[in-house]
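The chain contents come next:
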Protein chains: 2
Amino acid sequence: MNDKRLHDSRFMKAVRCEPSDTTPVWIMRQAGRYLPEYMEVRSKVSSVLELCRRSDLAAEVTVSAQQILGVDAAILFADLPPLLIPMGFELTYEPGPTIHNPLRLGDDLGRIRAIESADEMAEVMETARLVRKELADDIPLIGFAGAPFTLASYAIEGGGSRDFKHTKTLMYADPGAWNAFIERVVKSLIIYLRGQITAGCQVVQLFDSWGGCLSPGDYRQFVMPHTQRVIRAIEQDVPVINFLTGNPALLPLLREAGGQVIGLDWRVDLKDGWKTVGHDVAVQGNLDPVSLFADLETLRKRTRDVIDATEGRPGHIFNLGHGVMPDMKPENVKALVEMVHEMGQR
Amino acid sequence: MNDKRLHDSRFMKAVRCEPSDTTPVWIMRQAGRYLPEYMEVRSKVSSVLELCRRSDLAAEVTVSAQQILGVDAAILFADLPPLLIPMGFELTYEPGPTIHNPLRLGDDLGRIRAIESADEMAEVMETARLVRKELADDIPLIGFAGAPFTLASYAIEGGGSRDFKHTKTLMYADPGAWNAFIERVVKSLIIYLRGQITAGCQVVQLFDSWGGCLSPGDYRQFVMPHTQRVIRAIEQDVPVINFLTGNPALLPLLREAGGQVIGLDWRVDLKDGWKTVGHDVAVQGNLDPVSLFADLETLRKRTRDVIDATEGRPGHIFNLGHGVMPDMKPENVKALVEMVHEMGQR
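Visitor: Before we move on, can you summarise the relation of the copies chain A and chain B with the specific residues and values?
Guide: What relates the two chain copies is a rotation about an axis together with a slide along it. Once chain A is rotated about the relating axis by 180° and shifted along it by 0.0 Å, it coincides with chain B to within an RMSD of 0.0 Å. Taken together, the rotation angle and the small translation identify this as a two-fold axis. Interface residue correspondence from chain A to chain B reaches 100%, placing this contact among same-surface, isologous pairings.

Visitor: I'd like to hear about the sheet that holds strand E8 (residues 282-287) of chain B, residue by residue, with values.
Guide: Residue and element names in this part refer to chain B. Spatially, E1-E4-E5-E6-E7-E8-E9 is the arrangement adopted by the seven strands of the open sheet, whose pairing is parallel. Of all strands in the sheet, those bounded by a partner on one side alone are strand E1 (74-75) and strand E9 (316-320). In terms of strand pairing, strand E6 (residues 240-244) meets strand E7 (residues 261-263) through three bridges, oriented parallel. For Asn 242, the partnering residue across the bridge sits in E7 and is Ile 262.

Visitor: Talk me through helix H7 (residues 122-134) of chain B; I want residue IDs and the actual numbers.
Guide: Residues and elements named next belong to chain B. Taking 1.5 Å per residue as the helical rise, H7 with its 13 residues ought to reach 18 Å, and the 19 Å between its terminal C-alpha atoms agrees with that figure. Taken together, the buried positions of H7 are Val 124, Met 125, Thr 127, Ala 128, Val 131 and Arg 132. When H7 is viewed along its axis, its buried side chains cluster within an angular range of 155° and face the same direction. Those residues of H7 that are exposed and angled more than 90 degrees off the buried face are Lys 133 and Glu 134. Looking at the buried positions of H7, the neighbouring elements they touch are helix H1 (3-7), helix H4 (48-53), helix H5 (55-69), strand E4 (141-146) and helix H10 (175-199).

Visitor: Describe the packing of helix H9 (residues 165-173) of chain B against H10(B), listing the residues and the values that go with them.
Guide: Residue and element names in this part refer to chain B. Orientation of H9 relative to H10, taken along the N-to-C sense of each, is 115°, at an axis distance of 5 Å. Facing Thr 167, Leu 170, Met 171, Tyr 172 and Ala 173 of H9, the residues of H10 in contact are Pro 175, Ala 177 and Trp 178. Its residues placed into classes, the contact of H9 with H10 shows seven nonpolar, one polar and no charged.

Visitor: Talk me through helix H8 (residues 148-157) of chain B; I want residue IDs and the actual numbers.
Guide: Burial analysis of H8(B) places ten of its ten residues in the buried class, which makes it a mostly covered element. A positive backbone phi angle near 90° is found at Gly158(B), which sits one or two residues after H8(B).

Visitor: Kindly report on the interface of chain A and chain B, identifying the contributing residues and their values.
Guide: Listed per partner, the contact involves 30 residues of chain A and 30 residues of chain B. Contact between chain A and chain B buries roughly 2300 Å² in total, counting both sides, with carbon and sulfur atoms accounting for 55%. Across the chain A-chain B interface, the total number found is six salt bridges. A salt bridge links Asp288(A) to Lys168(B), with the shortest nitrogen-to-oxygen separation between them at 2.7 Å. Looking at the side of chain A that touches chain B, the elements with two or more residues in it are helix H9 (165-173), helix H11 (216-234) and helix H14 (296-308) of chain A. Residue contributions to the side of chain A that touches chain B peak at five residues, all from H9(A). Of the residues that constitute the side of chain A that touches chain B, the class distribution is 13 nonpolar, seven polar and ten charged.

Visitor: How would you sum up the pairing of strand E4 (residues 141-146) of chain A? Please name residues and give values.
Guide: All names here are of chain A. When you tally the buried positions in E4, you get six out of six residues, the bulk of the element. On E4, burial covers both faces: Leu 141, Gly 143 and Ala 145 on one face and Ile 142, Phe 144 and Gly 146 on the other are all buried. Pairing between strand E1 (residues 74-75) and E4: two bridges, direction parallel. Across the sheet, the residue bridging to Ile 75 is Ile 142, located in E4. Pairing between E4 and strand E5 (residues 203-208): five bridges, direction parallel. What sits directly across from Phe 144, in E5, is Gln 205.

Visitor: Go over the packing of H10(B) against helix H11 (residues 216-234) of chain B, please, and point to the residues and values.
Guide: All names here are of chain B. Two elements in contact, H10 and H11, have axes whose closest approach is 9 Å; the angle formed by their N-to-C orientations is 20°. Put simply, H10 runs roughly parallel to H11. Crossing angle aside, the handedness with which H10 passes H11 is right-handed. Two secondary-structure elements touch here, H10 through Pro 175, Trp 178, Asn 179, Ile 182, Glu 183, Val 186, Leu 189, Ile 190, Leu 193, Arg 194 and Ile 197 and H11 through Phe 222, Val 223, His 226, Arg 229, Val 230, Ala 233 and Ile 234. Tallied by class, the residues present in the contact of H10 with H11 amount to 13 nonpolar, two polar and three charged.

Visitor: Summarise the environment of Glu338(B); cite the residues concerned and give the values.
Guide: Residues and elements named next belong to chain B. By secondary structure assignment, the location of Glu 338 is in helix H15 (residues 330-343). According to the relative accessible area criterion, Glu 338 is exposed, its value standing at 57%. When the C-alpha atoms of Glu 338 and Gly 70 are compared, they prove to be 8.3 Å apart, with 268 residues separating the residues in sequence.

Visitor: With reference to specific residues and values, describe the pairing of E6(B).
Guide: Residue and element names in this part refer to chain B. The element E6 is extensively covered by neighbouring structure, given that five of its five residues are classed as buried. Of the strand pairs in this sheet, strand E5 (residues 203-208) and E6 are connected by five bridges, and their pairing is parallel. Looking at E6, one finds that Leu 206 is bridged to Asn 242. Of the crossover connections in this fold, the one passing from E5 over H11 to the parallel E6 is right-handed. For the crossover from E6 across helix H12 (residues 251-257) to E7, the handedness is right-handed.

Visitor: Describe the environment of Gln236(B), and please don't skip the residues or the numbers.
Guide: By the element assignment, Gln236(B) lies in the loop between H11 and E6. Separated by twelve residues in sequence, Gln236(B) and Met224(B) have C-alpha atoms that sit 19 Å apart.

Visitor: Outline the packing of aromatic side chains, listing residues and values.
Guide: Evaluated as defined, the whole model comprises 18 aromatic pairs over all chains. The interplanar angle of 70° and the centroid separation of 6.4 Å between the aromatic rings of Tyr154(A) and Trp210(A) together place this pair among those described as edge-to-face. Note that Tyr154(A) is positioned in helix H8 (residues 148-157) and Trp210(A) in the loop between E5 and H11, a separation of 56 residues in sequence. Classification of Trp210(A) by relative accessible area gives partly exposed; the value is 24%. Between the aromatic rings of Phe149(B) and Trp178(B), the centroid separation amounts to 6.1 Å while the plane-to-plane angle is 50°, which identifies the pairing as tilted. Here Phe149(B), found in helix H8, pairs with Trp178(B), found in helix H10; they are 29 residues apart in sequence, far enough to count as distant. Here the two residues Phe149(B) and Trp178(B) agree in accessibility, since each one is buried. Counting every residue linked through ring pairs, the aromatic cluster contains Phe149(A), Tyr154(A), Phe164(A), Trp178(A) and Trp210(A). Above the plane of the ring of Tyr172(B) lies Arg302(A), whose end atom (NZ or CZ) is 3.7 Å from the centre. In this structure, Arg267(B) packs its charged tip against the face of Trp266(B), placed 4.4 Å from the ring centre.

Visitor: Tell me about the pattern of salt bridges, and name the residues and values.
Guide: All names here are of chain A. A full pass over the atoms with the stated rule returns 42 salt bridges over all chains. Arg 194 is the partner of Asp 237 in a salt bridge, and the nearest nitrogen-oxygen pair spans 3.9 Å. Placement of Asp 237 in the loop between H11 and strand E6 (240-244) and of Arg 194 in helix H10 (residues 175-199) is noted, with a sequence separation of 43 residues between them. The partner of Asp 280 in a salt bridge is Arg 255, and the shortest N-O contact between them spans 2.9 Å. Taken together, the residues Asp 280 in the loop between helix H13 (270-277) and strand E8 (282-287) and Arg 255 in helix H12 (residues 251-257) connect sequence positions 25 residues apart. On the basis of relative accessibility, which here comes to 58%, the residue Asp 280 falls in the exposed class. The network of salt bridges with shared partners includes Arg 10, Asp 21 and Asp 72.

Rules behind the numbers
Residues numbered from 1 in each chain as written. Chains lettered and ligands numbered in written order. Predicted model: local features only at pLDDT ≥ 70, side-chain atom pairs only at ≥ 80, totals over all residues. Heavy atoms only, no water. Least-squares fit on C-alpha atoms with pLDDT ≥ 70 in both. Contact = heavy atoms within 4.5 Å. Pairing = 2+ DSSP bridges. Helix = DSSP H or I, 4+ residues; strand = E, 2+ residues; numbered from the N terminus. Expected span 1.5 Å × (residues − 1). Buried < 20%, exposed > 50% of the residue type's maximum accessible area, 1.4 Å probe, protein only. Arc of directions from axis to C-beta. Axes fitted to C-alpha atoms, helices over the stretch in contact; angles between N-to-C directions. Nonpolar A, V, L, I, M, F, W, Y, C, P; charged D, E, K, R; others polar. Buried area = accessible area lost by both parts, 1.4 Å probe. Salt bridge = Lys/Arg side-chain N within 4 Å of Asp/Glu carboxyl O. Parallel < 35°, antiparallel > 145°, perpendicular 65-115°, else oblique. Left-handed = near helix turned anticlockwise from the far one by under 90°. Right-handed = clockwise from strand over helix to strand, strands pointing away. Phe/Tyr/Trp six-rings, centres within 6.5 Å; stacked < 30°, edge-to-face > 60°. Lys NZ or Arg CZ within 6 Å of the ring centre and 35° of its normal.

And the structure:
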């Protein structure tokens with residue numbers, strides 16, 4: 001691994017708000033079902049959980065997606081909920097992740113523990129090592145995990161949710177139990193992410209996929225201090241991308257929680273979002289993923305709008321505002337990457 | 001009907017930002033499944049669609065919910081999608097609304113028409129007449145409809161959606177067809193809402209339940225002018241409550257679209273939201289509905305937070321930030337109404 005080449009890469013320069021030759025781009029869920037090369041590997045195993053555990057295959061889909069698309073970073077192939085398994089949750093994929101013993105009451109805490117070593121997620125560490133060996137020496141590897149609220153709400157709801165009723169009810173009715181639980185999540189996250197960094201990641205992203213269901217008051221009281229603790233512990237080693245989707249009113253608090261890069265979803269205009277979080281941090285985003293279903297002329301116009309919203313400021317990492325959709329045409333994603341590289345030139 | 005008593009009611013004063021004895025309150029979906037009295041009536045018919053069509057029963061649940069809760073307004077029992085039936089869509093409830101011939105291409109427009117008379121929704125008009133006769137003469141009746149985007153996306157997706165892929169794809173790929181369709185929705189909405197007003201409603205609410213999936217740029221370009229046309233046509237007769245859920249970044253545009261009252265969901269702090277839309281309009285909201293699952297002490301504290309956020313300004317209508325949940329305890333909803341009336345006193 002050539003540290004200097006990585007440090008001077010287009011992607012890492014943008015993380016530090018330094019100018020580079022053009023705008024770096026990667027795509028959330030870039031190693032995913034829309035890619036035939038991914039589907040071929042996926043067909044060799046019975047579930048996404050098994051794919052996450054087969055480090056050789058997980059490394060293969062990570063590297064091949066980066067190379068096929070020509071994006072400026074790779075992201076570890078893994079999933080958010082598996083970290084809950086060593087913490088004491090029974091998780092299966094059928095095909096979506098389902099937890100069979102969700103935490104609902106303070107009394108359930110007795111069976112939940114924080115992980116004590118990154119070896120409890122050894123297969124992810126092995127994936128990171130394998131990927132780092134295969135990637136070009138100017139392509140950073142992004143590690144990641146669910147943000148504390150998202151992981152905790154998975155564990156409490158037992159799966160996806162429309163209203164996060166159980167999670168919020170525990171938060172409101174028993175803040176002591178909520179804090180005791182999320183502190184174990186925080187401790188696990190710090191160990192897990194540090195392990196990913198040791199294994200070869202240059203940057204990590206926190207995904208607060210469900211945090212947008214919270215009011216600003218609730219986010220500040222019940223969530224922000226925990227996200228902050230994870231970020232402070234990690235950013236001693238590598239930069240953190242702090243991403244939350246579903247509520248632009250939380251952006252000032254997301255900034256307060258920390259991160260050298262703030263991820264924006266498409267619900268906010270990038271220009272306004274960047275102003276809100278401050279021009280002293282980098283931003284990542286934020287094309288509406290459905291734009292990729294449009295004809296290329298429309299896609300080009302919409303991509304141009306996102307790039308124009310940066311007003312030529314360094315510190316923009318282009319991405320979608322959320323993950324790429326499973327029925328997307330790979331050609332369109334490739335075309336988008338080329339457009340960004342062309343339009344972002346300085 | 002005593003016009004002066006209605007005009008001077010607590011609710012209508014708040015709509016005009018005038019002070020009154022205490023804060024008016026109603027609850028979105030107040031005539032709903034959490035109420036045993038509703039369930040008893042509901043058991044007499046096979047579906048929600050049939051309940052909407054049985055004006056005697058729809059009127060009964062409308063009036064009884066207002067009286068049981070002691071809220072300051074009644075809202076017509078009806079649903080958003082049925083307006084699509086006379087426009088040419090095949091709709092069934094199984095049990096959620098499903099459209100069997102969704103509009104996907106410009107070519108589908110041939111089979112879609114705007115309604116020409118409120119008589120095409122005669123049962124809703126009859127419900128309004130029956131309700132107005134039964135309500136106390138200081139209790140306004142709220143009429144309502146889906147906002148243009150929400151109705152159009154129902155018609156295009158064929159039901160609920162996570163990503164609104166078909167709707168946005170039509171918008172992006174064929175803006176001409178999108179506009180031609182939504183103009184028929186707008187025309188239908190104006191006729192439908194005017195009919196409700198003639199039949200006895202003192203105010204109407206537009207529900208943009210799905211509009212939060214849009215970026216500010218897309219809302220401005222593809223949606224705002226249409227919502228604006230509906231509001232301008234209606235507010236010549238009665239005040240309009242303009243409510244959108246799911247994206248606080250759209251609030252400035254919601255204000256631009258119009259309405260004497262702006263509905264806020266719980267994702268924004270009421271104080272910030274009111275400042276954003278301007279203190280010259282009234283606001284409605286915005287307690288997180290899950291708060292009603294908490295113990296009464298916590299509920300009281302959270303209710304106090306919403307009321308304190310108004311800073312004593314007249315022009316606040318208390319409500320949840322979204323509909324009350326089906327498994328809510330009716331006692332808690334009643335307790336909330338009492339708390340608001342007590343805390344809002346001036």
